[in-house]
Amino acid sequence: MKQTKATCVALAFAMMASSCGSAYQAESGVRGAMIGGHVGEMVGLLSGHGHFRGENAALGSLIGMGIGAILGVSVASQIEEKEKAEAQRYDEDYNTANTPSPTTSTPSAAIKLSDLTYMDTDGDGYITKDEIIEVEGFITNTSNSVINDIVIYLVTNDDKALIASPSLTTTLQPGQKIRYTGRIHCRKTRGLSEVEVQMHTSYANKNNISNSLFIPVK
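Described in the following lines is the structure provided in the data block. (Residues numbered from 1 in each chain as written. Predicted model: local features only at pLDDT ≥ 70, side-chain atom pairs only at ≥ 80, totals over all residues. Heavy atoms only, no water.)

**Re the overall build of the chain**
Part 1 of the argument: Tallying secondary structure elements over the chain gives 3 helices and 9 strands in all.
Part 2 of the argument: If you list the helices and strands of the chain from N to C, you get α-α-α-β-β-β-β-β-β-β-β-β.
Part 3 of the argument: Per-residue burial for the chain yields a buried fraction of 33% across its 218 residues.
Part 4 of the argument: Within the chain, contacts between residues at least 6 apart in sequence are counted, and of these 68% link residues at least 24 apart. (Helix = DSSP H or I, 4+ residues; strand = E, 2+ residues; numbered from the N terminus. Buried < 20%, exposed > 50% of the residue type's maximum accessible area, 1.4 Å probe, protein only. Contact = heavy atoms within 4.5 Å.)

**A few points about the side chain of H200**
Part 1 of the argument: Tracing the backbone through its elements, the reader meets H200 in strand β7 (residues 194-203).
Part 2 of the argument: Other than its neighbours up to four places away in sequence, H200 contacts V151, I152, Y153, V155, N208 and I209.

**Observations regarding the packing of aromatic side chains**
Part 1 of the argument: Scanning the model with the defined rule gives 0 aromatic pairs in all.
Part 2 of the argument: Taking NZ or CZ as reference, K177 lies 4.8 Å from the ring centre of F138, over its face. (Phe/Tyr/Trp six-rings, centres within 6.5 Å; stacked < 30°, edge-to-face > 60°. Lys NZ or Arg CZ within 6 Å of the ring centre and 35° of its normal.)

**Quick look at the pattern of salt bridges**
Part 1 of the argument: All chains considered together, the criterion is met by 3 salt bridges.
Part 2 of the argument: We note a salt bridge from D124 to K218, for which the minimum N-O separation is 2.7 Å. Separated by 94 residues along the polypeptide, D124 in the loop between β1 (111-119) and β2 (132-141) and K218 in the segment after β9 (213-216) bring together distant segments of the chain.
Part 3 of the argument: A residue is classified by how much of its surface remains accessible, and K218, at 56% relative accessible area, is exposed.
Part 4 of the argument: For E134, the salt bridge is made with R183, and the minimal N-O distance between the two is 3.0 Å. (Salt bridge = Lys/Arg side-chain N within 4 Å of Asp/Glu carboxyl O.)

Pasting the structure below:
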């Protein structure tokens, strides 16, 4: 019986080794074979009669070892696959969290508005009803990039009493400075103590506003 059992063990381990993909699977297969062999041997002894009990025990041990080994390898393989999947998911999450987001670089652009002045028609320094004044200012591209589609316009504190000239659209080269001249027509002065004028520019969703220019009303 011992020789038969040894033969069973050798056969079971040969079956197990052929299906193993790693040391962990082999170890699990050995444990499964040992447990299966003991269970199969007990079943064989209990089901056999007389001198057939030994043969049944050996056969049960062989069958139990084979089944136990296969089950052990299968369970170990599933555990390894799960661990690999979790490790891969962790690596993907870690790499995603630590990968810098792609950034797009745009040329730096800056507009400077300066030296806002005015000149009234009669030269007395006041604005009167129906008078047209000229407002002058400078726009400078202080960046190293070309700035396209710069819209220049004047804004007053009363767009009903004061009508500004239409806006102007231009392009500035790096470092370029231009003079802008706009006009304000005063339709009425009632209720106005002074006129406030600002020069505005807008480009690429950026807005610039000059300091306010105050003109007394007469």
